[in-house]
Amino acid sequence: MVKQISLDAWQIQHLSDLLEKGSKIVEKTNRPIVLYRQTLEEEEESYEEIVCTLTKGYVIEQMVTSGGVLVPSFHQQFVFTIEEYPQELLRKSKDRFLEMIDFLDEQLR
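The rules behind the values
Residues numbered from 1 in each chain as written. Predicted model: local features only at pLDDT ≥ 70, side-chain atom pairs only at ≥ 80, totals over all residues. Heavy atoms only, no water. Pairing = 2+ DSSP bridges. Helix = DSSP H or I, 4+ residues; strand = E, 2+ residues; numbered from the N terminus. Axes fitted to C-alpha atoms, helices over the stretch in contact; angles between N-to-C directions. Contact = heavy atoms within 4.5 Å. Phe/Tyr/Trp six-rings, centres within 6.5 Å; stacked < 30°, edge-to-face > 60°. Buried < 20%, exposed > 50% of the residue type's maximum accessible area, 1.4 Å probe, protein only. Lys NZ or Arg CZ within 6 Å of the ring centre and 35° of its normal.

## What to know about the pairing of strand S1 (residues 33–43)
Pairing between S1 and strand S2 (residues 46–54): nine bridges, direction antiparallel. Along S2, the bridge assignment pairs Val34 with Thr53. The antiparallel hairpin formed by S1 and S2 contains two residues in its connecting segment, where Glu44 sits at a positive phi of about 50 degrees.

Next up, the structure:
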(Lines give C-alpha, C1' and ligand atoms only; values in the text may rest on other atoms or scores of the structure.)
Protein backbone atom coordinates (compact mmCIF):
# COMPACT_ATOMS: atom_id res chain seq x y z
CA MET A 1 0.00 0.00 0.00
CA VAL A 2 2.84 2.39 0.81
CA LYS A 3 4.35 1.93 -2.66
CA GLN A 4 1.00 2.79 -4.32
CA ILE A 5 0.68 5.98 -2.30
CA SER A 6 4.22 6.92 -3.28
CA LEU A 7 3.52 6.21 -6.95
CA ASP A 8 0.34 8.31 -6.89
CA ALA A 9 2.19 11.15 -5.16
CA TRP A 10 4.97 10.98 -7.75
CA GLN A 11 2.47 10.99 -10.63
CA ILE A 12 0.60 13.96 -9.14
CA GLN A 13 3.87 15.87 -8.78
CA HIS A 14 4.94 14.89 -12.30
CA LEU A 15 1.66 16.13 -13.82
CA SER A 16 1.90 19.34 -11.76
CA ASP A 17 5.40 19.92 -13.14
CA LEU A 18 4.21 19.30 -16.71
CA LEU A 19 1.27 21.67 -16.27
CA GLU A 20 3.60 24.33 -14.85
CA LYS A 21 5.94 23.93 -17.82
CA GLY A 22 2.99 24.14 -20.22
CA SER A 23 1.66 27.21 -18.41
CA LYS A 24 4.99 28.99 -19.00
CA ILE A 25 4.72 28.19 -22.71
CA VAL A 26 1.15 29.55 -22.73
CA GLU A 27 2.43 32.73 -21.06
CA LYS A 28 5.05 33.20 -23.80
CA THR A 29 2.80 32.34 -26.76
CA ASN A 30 -0.43 33.78 -25.34
CA ARG A 31 -2.27 30.69 -26.66
CA PRO A 32 -3.97 28.16 -24.38
CA ILE A 33 -3.18 24.47 -24.78
CA VAL A 34 -6.15 22.15 -25.31
CA LEU A 35 -5.47 19.24 -22.98
CA TYR A 36 -8.43 17.15 -24.10
CA ARG A 37 -11.89 17.21 -25.66
CA GLN A 38 -14.53 14.66 -24.74
CA THR A 39 -17.79 14.41 -26.65
CA LEU A 40 -20.62 13.64 -24.25
CA GLU A 41 -23.59 13.66 -26.60
CA GLU A 42 -23.98 13.96 -30.34
CA GLU A 43 -27.21 14.55 -32.21
CA GLU A 44 -27.31 15.19 -35.96
CA GLU A 45 -24.86 18.08 -36.47
CA SER A 46 -24.81 19.35 -32.89
CA TYR A 47 -22.87 18.04 -29.94
CA GLU A 48 -22.09 18.57 -26.29
CA GLU A 49 -18.50 18.21 -25.17
CA ILE A 50 -16.08 18.93 -22.37
CA VAL A 51 -13.12 21.04 -23.43
CA CYS A 52 -10.18 21.19 -21.03
CA THR A 53 -7.57 23.89 -21.59
CA LEU A 54 -4.38 24.99 -19.89
CA THR A 55 -3.95 28.73 -19.45
CA LYS A 56 -1.48 30.84 -17.50
CA GLY A 57 -1.65 29.25 -14.05
CA TYR A 58 -5.02 27.54 -14.45
CA VAL A 59 -6.74 24.51 -15.96
CA ILE A 60 -10.25 25.21 -17.22
CA GLU A 61 -12.89 22.54 -17.92
CA GLN A 62 -15.90 23.80 -19.86
CA MET A 63 -19.05 22.02 -20.98
CA VAL A 64 -19.89 23.37 -24.43
CA THR A 65 -22.87 22.80 -26.72
CA SER A 66 -22.42 23.76 -30.38
CA GLY A 67 -22.75 22.69 -33.98
CA GLY A 68 -25.45 22.83 -36.62
CA VAL A 69 -27.79 25.76 -36.08
CA LEU A 70 -26.89 26.05 -32.39
CA VAL A 71 -24.91 29.03 -31.22
CA PRO A 72 -22.05 27.76 -29.04
CA SER A 73 -22.96 28.01 -25.37
CA PHE A 74 -21.16 27.18 -22.14
CA HIS A 75 -23.17 25.24 -19.56
CA GLN A 76 -20.52 24.72 -16.91
CA GLN A 77 -17.07 26.01 -16.26
CA PHE A 78 -14.65 24.77 -13.62
CA VAL A 79 -11.39 26.59 -12.96
CA PHE A 80 -8.57 24.82 -11.11
CA THR A 81 -5.12 26.01 -10.14
CA ILE A 82 -2.26 23.97 -11.54
CA GLU A 83 -1.53 22.68 -8.05
CA GLU A 84 -5.05 21.36 -7.38
CA TYR A 85 -5.94 20.00 -10.82
CA PRO A 86 -3.83 16.77 -10.85
CA GLN A 87 -5.48 15.49 -7.69
CA GLU A 88 -8.94 16.44 -9.02
CA LEU A 89 -8.26 14.66 -12.32
CA LEU A 90 -6.92 11.57 -10.55
CA ARG A 91 -10.09 11.44 -8.47
CA LYS A 92 -12.26 11.67 -11.64
CA SER A 93 -10.41 9.34 -13.99
CA LYS A 94 -7.14 7.44 -13.60
CA ASP A 95 -7.13 6.70 -17.36
CA ARG A 96 -7.54 10.36 -18.32
CA PHE A 97 -4.86 11.27 -15.79
CA LEU A 98 -2.36 8.91 -17.43
CA GLU A 99 -3.40 10.03 -20.94
CA MET A 100 -2.74 13.65 -19.97
CA ILE A 101 0.73 12.82 -18.66
CA ASP A 102 1.54 11.06 -21.95
CA PHE A 103 0.10 13.94 -23.99
CA LEU A 104 2.04 16.62 -22.12
CA ASP A 105 5.25 14.57 -22.12
CA GLU A 106 5.01 14.38 -25.90
CA GLN A 107 3.94 17.99 -26.48
CA LEU A 108 6.48 19.63 -24.19
CA ARG A 109 9.64 17.87 -25.40
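Picking up where we left off.
## Quick word on the sheet that holds S1
Read across the open sheet, the four strands follow the order S1-S2-S3-S4; overall the sheet is antiparallel. Since the sheet does not close on itself, it has two edges, and those belong to S1 and strand S4 (70–81), each with one partner. Direction aside, the axes of adjacent strands within the sheet are offset by 15 degrees on average. Here strand S3 (residues 58–67) runs beside S4; their pairing, made up of nine bridges, is antiparallel. Of the residues in S4, the one forming a bridge with Met63 is Gln76. Along the sheet, helix H2 (residues 85–92) makes contact with S1, S2, S3 and S4, crossing S4 at roughly 115 degrees.

## Let's talk about the packing of aromatic side chains
Tallied over the entire structure, the rule returns one aromatic pair. Between Phe80 and Tyr85, the ring centres sit 5.3 Å apart and the planes meet at 50 degrees, which makes this aromatic pair tilted. Phe80 sits in the buried class, given a relative accessible area of 11%. Overall, the relative accessible area of 0% leaves Tyr85 in the buried class. Over the ring of Phe78 we find Lys92; its NZ or CZ atom is 5.9 Å from the centre of that ring. Above the ring of Tyr36, the side-chain terminus of Arg96 is found at 3.9 Å from the ring centroid.

## A closer look at the environment of Gln38
The topology assignment puts Gln38 in strand S1. In this structure, the C-alpha to C-alpha distance between Gln38 and Thr53, residues 15 residues apart in sequence, is 12 Å. Beyond its immediate stretch of four places on either side in the chain, Gln38 contacts Glu48, Glu49, Ile50 and Arg96.

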